[in-house]
Amino acid sequence: MPGGDYLLFKNKDFGRMNFDDQVVVSRDVFGIRGTTSWAGTDSEGDQFSGFSIGANKHGLFCADSNVREEPPSGTNYDVLTEIALTEGSDVATAVEALQQALSAESFWCANLMLVDPSTVAVVEIKGSELHCSLEPGLATRTNHHVHFGVTATDDDVVTSADRLDWSYRRLSRAAGLLDVLELQRSHDGGQTGICNHSSYETVYSYVLMRTDDGIHLLVTQGHPCGDGLTQDLLLPLGESWSREAAAEVRAAFPSADRSTGIC
């Protein structure tokens, strides 16, 4: 973005209308827990692992999107997002860490978006295969593979292709943060769009942004097109770390779940 700032955005879609995030806040990394459960109305069976989006003290951001839970014996791809952020200092070293992890075991199919001060990358995961493409300044993904291709067993074969087109169209003309926030609220398909109101519902929207004063998280619980409050949280990473600042972030984060905290 103008002035050297950069950002990573994500809408989290889920199989029910309401969801409460679990959050990890430490000196080295901030992460929002991923989950292996998708649908239903009962949160009792939710199983959390890895990160679905996060940032580290080096200014590396990473987020993932589901494609399909294949192979069935594979590990949750959210674990890869956590590996990228805990072992990587930039996009290149994060990708090296991902390759090392994939050499040891297989993971469910997913897309990972990575950005650091100079690089934007898309990583497609398919079992033990990894494809990385470096992008010229911007990139976006939804819930299917571009390099490996679409399959009939993808979890979303209805809206993913349209949402990718809509996202690219809006992102390509975005001039800054306000345009990205509008993208997250958009309904280019009528009732659905990047803000999803279909078989999956958008339950959170996030923007991680690097500015002169540090790394910010803008987070809204529920449909971003609604009247929910967007919290602007300055993440206490690296030299700005303190337990007090971490506690403030944890308390201000919009979630009723306090299962994880400060470490």
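Residues numbered from 1 in each chain as written. Predicted model: local features only at pLDDT ≥ 70, side-chain atom pairs only at ≥ 80, totals over all residues. Heavy atoms only, no water.

S.K.: Mind showing me how you'd approach the overall build of the protein here?
M.R.: In terms of helices and strands, the protein carries 5 helices and 11 strands. Computed over the C-alpha atoms, the radius of gyration of the protein is 17 Å, within 12% of the 18 Å expected from 2.2 N^0.38 for a compact globule of 263 residues. Seen through its C-alpha atoms, the protein measures out along the principal axes to roughly 50 × 45 × 40 Å. Residues classed as buried in the protein amount to 54% of the 263 residues present. Long-range contacts, defined as pairs at least 24 residues apart, comprise 58% of the intrachain contacts of the protein with a sequence gap of at least 6. For the protein, the exposed surface amounts to about 11300 Å²; the carbon and sulfur share of it is 48%. On the protein, the mean spot of the 18 positive side-chain charges and the mean spot of the 38 negative ones are 2 Å from each other. (Helix = DSSP H or I, 4+ residues; strand = E, 2+ residues; numbered from the N terminus. Rg over C-alpha atoms; globule rule 2.2 N^0.38 Å. Buried < 20%, exposed > 50% of the residue type's maximum accessible area, 1.4 Å probe, protein only. Contact = heavy atoms within 4.5 Å. Areas by Shrake-Rupley, 256 points an atom, 1.4 Å probe, with all protein chains shown as cover. Lys, Arg positive; Asp, Glu negative; His and termini not counted. Charge placed at Lys NZ, Arg CZ, Asp CG, Glu CD.)

S.K.: Explain the packing of helix α1 (residues 78–87) against helix α2 (residues 91–102) here, please?
M.R.: When two helices pack together, their arrangement is captured by the angle between the axes and the distance separating the axes. Viewed as axis vectors pointing N to C, α1 and α2 meet at an angle of 130°, and their least axial separation amounts to 8 Å. Our classification of the angle between α1 and α2 gives oblique. Crossing of α1 over α2 shows right-handed handedness. When α1 is examined against α2, the residues L80, I83, A84 and E87 are found in contact with a partner set consisting of A94, A97, L98 and A101. Class assignment for the residues of the contact of α1 with α2 results in 7 nonpolar, no polar and 1 charged. (Axes fitted to C-alpha atoms, helices over the stretch in contact; angles between N-to-C directions. Parallel < 35°, antiparallel > 145°, perpendicular 65-115°, else oblique. Left-handed = near helix turned anticlockwise from the far one by under 90°. Nonpolar A, V, L, I, M, F, W, Y, C, P; charged D, E, K, R; others polar.)

S.K.: Could you clarify how one ought to interpret the packing of aromatic side chains in this entry?
M.R.: Two numbers describe a pair of aromatic rings. These are the distance of the centres and the angle of the planes. On inspection of all chains with the given rule, the structure shows 6 aromatic pairs. On the numbers, 5.2 Å between centres and 40° between planes, the contact of Y6 with F61 is tilted. Remark: F61 occurs in strand β5 (residues 61–68) and Y6 occurs in strand β1 (residues 6–14); sequence separation between them is 55 residues. The pair Y6 / F61 is uniform in exposure class, with both members buried. Of the aromatic side chains, those joined through ring pairs into one cluster are F14, F19 and F48. (Phe/Tyr/Trp six-rings, centres within 6.5 Å; stacked < 30°, edge-to-face > 60°.)

S.K.: Sorry if this is basic, but what is going on with the pairing of strand β8 (residues 129–135) here?
M.R.: Along a regular strand, successive side chains alternate from one face of the sheet to the other. Sheet analysis places strand β7 (residues 120–127) next to β8, joined by 7 bridges and oriented antiparallel. For E124, the partnering residue across the bridge sits in β8 and is H131. Once β7 ends, the chain turns through 1 residue before running back antiparallel as β8. (Pairing = 2+ DSSP bridges.)

S.K.: Would you explain the pattern of salt bridges in this entry?
M.R.: Side chains that carry opposite charge are capable of pairing whenever their charged atoms lie near each other. This structure, assessed with the given rule, holds 9 salt bridges. A salt bridge links R68 to D154; the nearest nitrogen and oxygen atoms lie 2.8 Å apart. Highlighted residues: R68 in strand β5 and D154 in the loop between β8 and α3 (160–172), separated in sequence by 86 residues. No difference in accessibility class separates R68 from D154, as the two residues are buried. Bridged by salt links that share partners, the residues R68, E70 and D154 form one connected network. (Salt bridge = Lys/Arg side-chain N within 4 Å of Asp/Glu carboxyl O.)

S.K.: For this particular structure, what's the right way to read a nonpolar patch on the surface?
M.R.: Taken together, the side chains of V150, V157 and V158 define a hydrophobic patch exposed on the protein surface, amounting to about 310 Å² of accessible area. Along the chain, V158 falls in the loop between β8 and α3. Residue classification places V158 among the exposed positions, given a relative accessible area of 67%. (Patch = residues over 30% accessible without salt bridge, like charges linked within 9 Å, V, L, I, M, F, W, Y side chains within 5 Å.)

S.K.: What exactly am I supposed to notice about the nonpolar core here?
M.R.: One broad rule of soluble globular proteins: the nonpolar side chains tend to lie buried together. Within the largest apolar cluster, 31 residues are counted, with the highest numbers of intra-cluster contacts made by F30, F61, Y206, L208, L217, L235 and F253. Counting residues per element, this core draws most heavily on strand β9 (residues 201–211), which supplies 4 residues. Discounting chain neighbours no more than four positions away, the residues touching Y206 are L8, F9, K10, K12, D21, I32, I53, Q184, L217, L218, V219 and F253. Ranked by size, the runner-up nonpolar core spans 25 residues in total, among them C62, V95, L98 and A121. (Core = buried A, V, L, I, M, F, W, Y, C linked by side-chain atoms within 4.5 Å.)

S.K.: I tried to follow the sheet that holds β1 on my own but got confused; where do I start?
M.R.: Sheet strands pair by backbone hydrogen bonding; their relative direction is either parallel or antiparallel. Ordered in space as β1-β9-β10-β11, the 4 strands form an open sheet in which the pairing is antiparallel. Only two strands of the sheet have a single neighbouring strand rather than two, namely β1 and β11 (230–234). Mean inter-strand twist for the sheet, computed between neighbouring axes without regard to direction, equals 15°.

S.K.: It is not clear to me how the sheet that holds β5 should be interpreted in this structure. Could you clarify?
M.R.: Pairing in this open sheet of 7 strands is antiparallel, and the strands run β2-β3-β4-β5-β6-β7-β8 from one edge to the other. Of all the strands in the sheet, the pair left with one neighbour each is β2 (23–25) and β8. Averaged over neighbouring strand pairs, the angle between their axes works out to 25° when direction is ignored. Bridge analysis of β2 against strand β3 (residues 29–35) gives 3 bridges, and the strand direction is antiparallel. Each residue of the ladder has a partner; that of V25, found in β3, is F30.

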